[in-house]
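Breakdown of the fold
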Amino acid sequence: MKNESRIEKLLGIRYPIIQASMVWLNSAELAAAVSNAGGMGVLGPNAGRKDVTGDPLKTAELFREEIRKTRALTDKPFAVNFLLPIEGVEISYRYAKPLMDVILEEGVKIVITSGKDITQGLEHIDRLKSAGAIIIHREISPTVENAITAEKAGVHAIIVTGQEAGGHMSDNRISTLVLVSQVTDAVKIPVIAAGGIYNVKTANAAIAMGAEGVYMGTRFLMTCESPTSEAAKQAILAVRSEDLVVINTRAGDVRVVATKRIKNGQGDSEVGSIKTAMLDGDLDNGIISVSESAGGISTIASAKDIVEEMAAAFA
Ligand SMILES: Cc1cc2nc3c(=O)[nH]c(=O)nc-3n(C[C@H](O)[C@H](O)[C@H](O)COP(=O)(O)O)c2cc1C
């Protein structure tokens, strides 16, 4: 029997392999499949949904449904992602309270908070602490300094994301290699590495840098259980890492597959919707956001196969 790591103990899971939160592209089915395989699934924003509600209360109720559906599919631990309010992003304030109310009412035990400065969301951190939840914090633009701030705020673990990652990019372009090495020297709480981790070799590299778990988005997009559209999955299968480009959207920079639309110069200044391409399958009008790892992914596998393959890094 291997020794249980700190993350495994903290979360009550078999392997410290966590499926990342990905807006529109998470679901009860995916999260439960990862958790049932011994990792930990996560419900992110709009998990399981096909449409925009535009209404915070309705969105929160739909999130409640997805939490209950996940519970029906697994008796293993899973987490939800909660976006802390971000200064200047009005929508993040409108959605925060209704979503946090549902998370607490449903008694969710593990919450991944993400944000751009934990000190802006301390009232939510305090509510989670009072409820006895386990808090894992992920800064969108991580630094050694904001990792120390999160540790002081009393979170149980942090996710440190390098610039290789899919989703909205950090304001600081620091690689997983360099950032995880620095943060693991600076904090005592367990560090989970994210950004470009997609196979055993990259997980081993994260462990060598002191990480005690991995948080993987792009690899879990490419699963049978993921709600990602078949068109987007095929585009990701075909892409080489050197074909990826960084575009600027109103919400910040995103690394995307260079589809025809992007090559024609469209999409650089507007928000190309992740939902349009990645959920609805309309590659001409949306964007496919991925990590640098996309070029190395050549299969669509079950979530169970991925967890079992990755487990070799933690044996
Ligand atoms: C399509 C896509 C959507 C994402 N959406 C979110 C999100 O809504 N909230 C969030 O905190 N992170 C989001 N992320 C970032 C992931 O949670 C995670 O940090 C990242 O995928 C890890 O890097 P990897 O893709 O190299 O595994 C998203 C990533 C992708 C690929």
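Each chain has its residues counted from 1, following the order in which its sequence is written. Where totals are concerned, whole chains, interfaces and linings use all residues; where local detail is concerned, this predicted model gives features only for residues with pLDDT of at least 70, and gives and counts side-chain atom pairs only at 80 or more. With hydrogens and water set aside, each side-chain value is computed from the structure's full complement of heavy atoms.

1. Observations regarding the site of the ligand
Heads up, the condition is: The near set for a molecule or strand comprises every residue that places at least one heavy atom within 4 Å of it. Whenever a nitrogen or oxygen atom comes within 3.5 Å of another N or O atom, the pair is scored as a polar contact, on the condition that within protein one atom can donate a hydrogen and the other can accept it, and that pairs from neighbouring residues in sequence are kept only if both atoms are in side chains. In short, Shrake-Rupley with a 1.4 Å probe defines the accessible areas, and a residue's cover is counted only from the protein chains shown. Each residue is assigned to one class: nonpolar for Ala, Val, Leu, Ile, Met, Phe, Trp, Tyr, Cys and Pro, charged for Asp, Glu, Lys and Arg, and polar for all the others, Gly among them. Domain ranges listed in this record stem from an automatic or a database domain assignment.
For the ligand, the set of nearby residues contains 21 residues, the closest of which are S21, G196, G217, T218 and S291. Contacts to the ligand include G217, whose backbone N or O atom sits 2.7 Å from an oxygen atom. For the ligand, the accessible surface in isolation is 600 Å², of which the surrounding protein chains cover 93%. Within the shell around the ligand, the residues separate by chemical class into 9 nonpolar, 11 polar and 1 charged. Both of domain 1 (6-226 + 297-314) and domain 2 (230-295) provide at least three residues apiece to the shell around the ligand.

2. A word on helix α5 (residues 122-130)
Operational definition: Working definition: with a 1.4 Å probe on protein chains only, accessible area under 20% of the residue-type maximum means buried, over 50% means exposed, and in between means partly exposed. Runs of E in the DSSP output that reach at least two residues are strands. Runs of H or I that reach at least four are helices, and both are numbered from the N terminus. This arc corresponds to the set of directions leading from the helix axis out to the C-beta atoms. Here a residue-residue contact requires only that any non-hydrogen atoms of the pair lie within 4.5 Å.
Within the span of α5, buried status applies to H124, I125 and L128. The arc that holds every buried residue of α5, seen down its axis, measures 100 degrees, which confines them to one face. Of the residues in α5, the exposed ones pointing more than 90 degrees away from the buried face are E123 and S130. Each element contacted by the buried residues of α5 is listed here: β3 (78-83), α4 (90-105), β4 (110-115) and β5 (134-139).

3. What to know about the nonpolar core
The line we're drawing: Throughout, nonpolar core names a set of buried Ala, Val, Leu, Ile, Met, Phe, Trp, Tyr and Cys residues whose side chains join them through atoms within 4.5 Å.
Core analysis: the largest hydrophobic core is formed by 58 residues, its most contacted members being I17, I103 and I158. Here this core gets 6 residues from one element, more than from any other, and that element is α4. Not counting residues within four places of it along the chain, the set of residues in contact with I103 comprises F63, V80, F82, V108, V111 and L128. Ranked by size, the runner-up nonpolar core spans 25 residues in total, among them A235, I236, V290 and I297.

4. With respect to the pattern of salt bridges
Our working rule: Only one rule defines a salt bridge in this text: a Lys or Arg side-chain nitrogen within 4 Å of an Asp or Glu carboxyl oxygen.
In this structure the tally under the stated criterion is 19 salt bridges. In this structure, R64 engages E106 in a salt bridge whose closest nitrogen and oxygen atoms are separated by 2.9 Å. Here R64, found in helix α3 (residues 56-73), pairs with E106, found in the loop between α4 and β4; they are 42 residues apart in sequence, far enough to count as distant. This pair shows no difference in class: R64 is buried, exactly as E106 is. A salt bridge links K116 to D171, with the shortest nitrogen-to-oxygen separation between them at 3.4 Å.

5. Overview of the packing of aromatic side chains
Spelled out, the test is: To pair, rings of Phe, Tyr and Trp, with the six-membered ring standing in for Trp, must have centres within 6.5 Å; the planes then decide the type, stacked if under 30 degrees apart, edge-to-face if over 60, and tilted in the middle. A ring is scored as having a charge over it whenever the NZ atom of a lysine or the CZ atom of an arginine sits within 6 Å of its centre and within 35 degrees of its normal.
Per the stated rule, a full pass over the model turns up 0 aromatic pairs. Residue placement shows K275 over the ring face of W24; its charged tip is 5.4 Å from the ring centre.

6. Things to note about the layout of surface pockets
Selection rule: Grid points spaced at 1 Å over the protein atoms alone were grouped into cavities, where a 1.4 Å probe fits but cannot get out, and pockets, open sets with protein on both sides within 12 Å along at least five of seven lines, with lining residues defined by an atom within 4 Å of a point. Grid points are joined across faces, edges and corners, and a volume is the space filled by probe spheres set on the points.
Roughly 170 Å³ of volume is contained in the second largest pocket. Considering the residues around the second largest pocket, the lining is formed by R71, T74, D75, K76, P77, F78, G107, V108, K109 and I110. Class assignment for the residues of the lining of the second largest pocket results in 4 nonpolar, 2 polar and 4 charged.

7. Comments concerning the domain arrangement of the protein
Accessible area lost upon the coming together of the parts is a frequently used measure of interface size. Here is the rule we go by: A quick way to say it: buried area is the sum, across both parts, of accessible area lost when two parts are put together, with a 1.4 Å probe.
Taken domain by domain, the protein holds domain 1 (6-226 + 297-314) and domain 2 (230-295). On a C-alpha basis, the centres of domain 1 and domain 2 stand 22 Å from each other. In this assembly, 27 residues from domain 1 lie in contact with 23 residues from domain 2. Note on domain 1 versus domain 2: buried area summed over both sides is about 2000 Å², and carbon and sulfur give 64% of it. Sorting the residues of domain 1 by area buried against domain 2 places H168, M169 and I297 first, and these three jointly supply 25% of that buried surface.

8. Observations concerning unusual backbone geometry
Residues other than glycine seldom take positive phi values, yet W24 does so here, at roughly 70 degrees. Looking at the secondary structure, you find W24 in the loop between β1 (17-19) and α2 (28-36). Of note in this structure, N46 is not a glycine but carries a positive phi near 60 degrees. Inspection of the secondary structure puts N46 in the loop between β2 (41-43) and α3.

9. Overview of the packing of α3 against α4
Selection criterion: Interaxial angles span 0 to 180 degrees and are taken between N-to-C directions of axes, which are lines fitted to C-alpha atoms, for helices over the stretch in contact. Roughly parallel refers to an angle under 35 degrees, roughly antiparallel to one over 145, roughly perpendicular to one between 65 and 115, and oblique to any angle outside these ranges. Each helix crossing is assigned a hand: it is left-handed if the near helix lies turned anticlockwise from the far helix by less than a right angle, otherwise right-handed if that turn is clockwise.
Where α3 meets α4, the axes come as close as 9 Å, and the angle between the chain directions of the two elements is 30 degrees. With respect to α4, the element α3 is oriented roughly parallel. The chirality of how α3 crosses α4 is right-handed. Along its contact with α3, which presents P56, L57, T59, A60, E61, F63, R64 and I67, the element α4 presents R94, Y95, P98, L99, V102, I103 and E105.

10. Here we look at helix α7 (residues 176-186)
Those residues of α7 not exposed but buried are T176, L179, V180, V183 and T184. End-on, the buried residues of α7 take up no more than an arc of 120 degrees, which puts them together on one face. Opposite its buried face, α7 presents the exposed residues L177 and D185, each directed more than 90 degrees away. Residues of α7 that are buried sit in contact with α6 (144-152), β6 (157-161), β7 (191-194) and α8 (200-208).

11. Describing empty space enclosed by the protein
Scanning the model with the defined rule gives 2 cavities of 30 Å³ or more in all. Considering only enclosed or pocket space, the largest cavity measures out at about 70 Å³ in volume. Considering the residues around the largest cavity, the lining is formed by R138, I140, P142, T161, G162, Q163, A165, G166, G167, H168, M169 and S170. Counted by class, the lining of the largest cavity contains 4 nonpolar, 7 polar and 1 charged residues. By volume, the second largest cavity amounts to about 40 Å³. Surrounding the second largest cavity, H137, E139, P142, T143, N146, A147, I158, I159 and V160 form its lining. Contributing elements (two or more residues each) for the lining of the second largest cavity: β5, α6 and β6. At 3 residues, the largest contribution of residues to the lining of the second largest cavity is made by β6.

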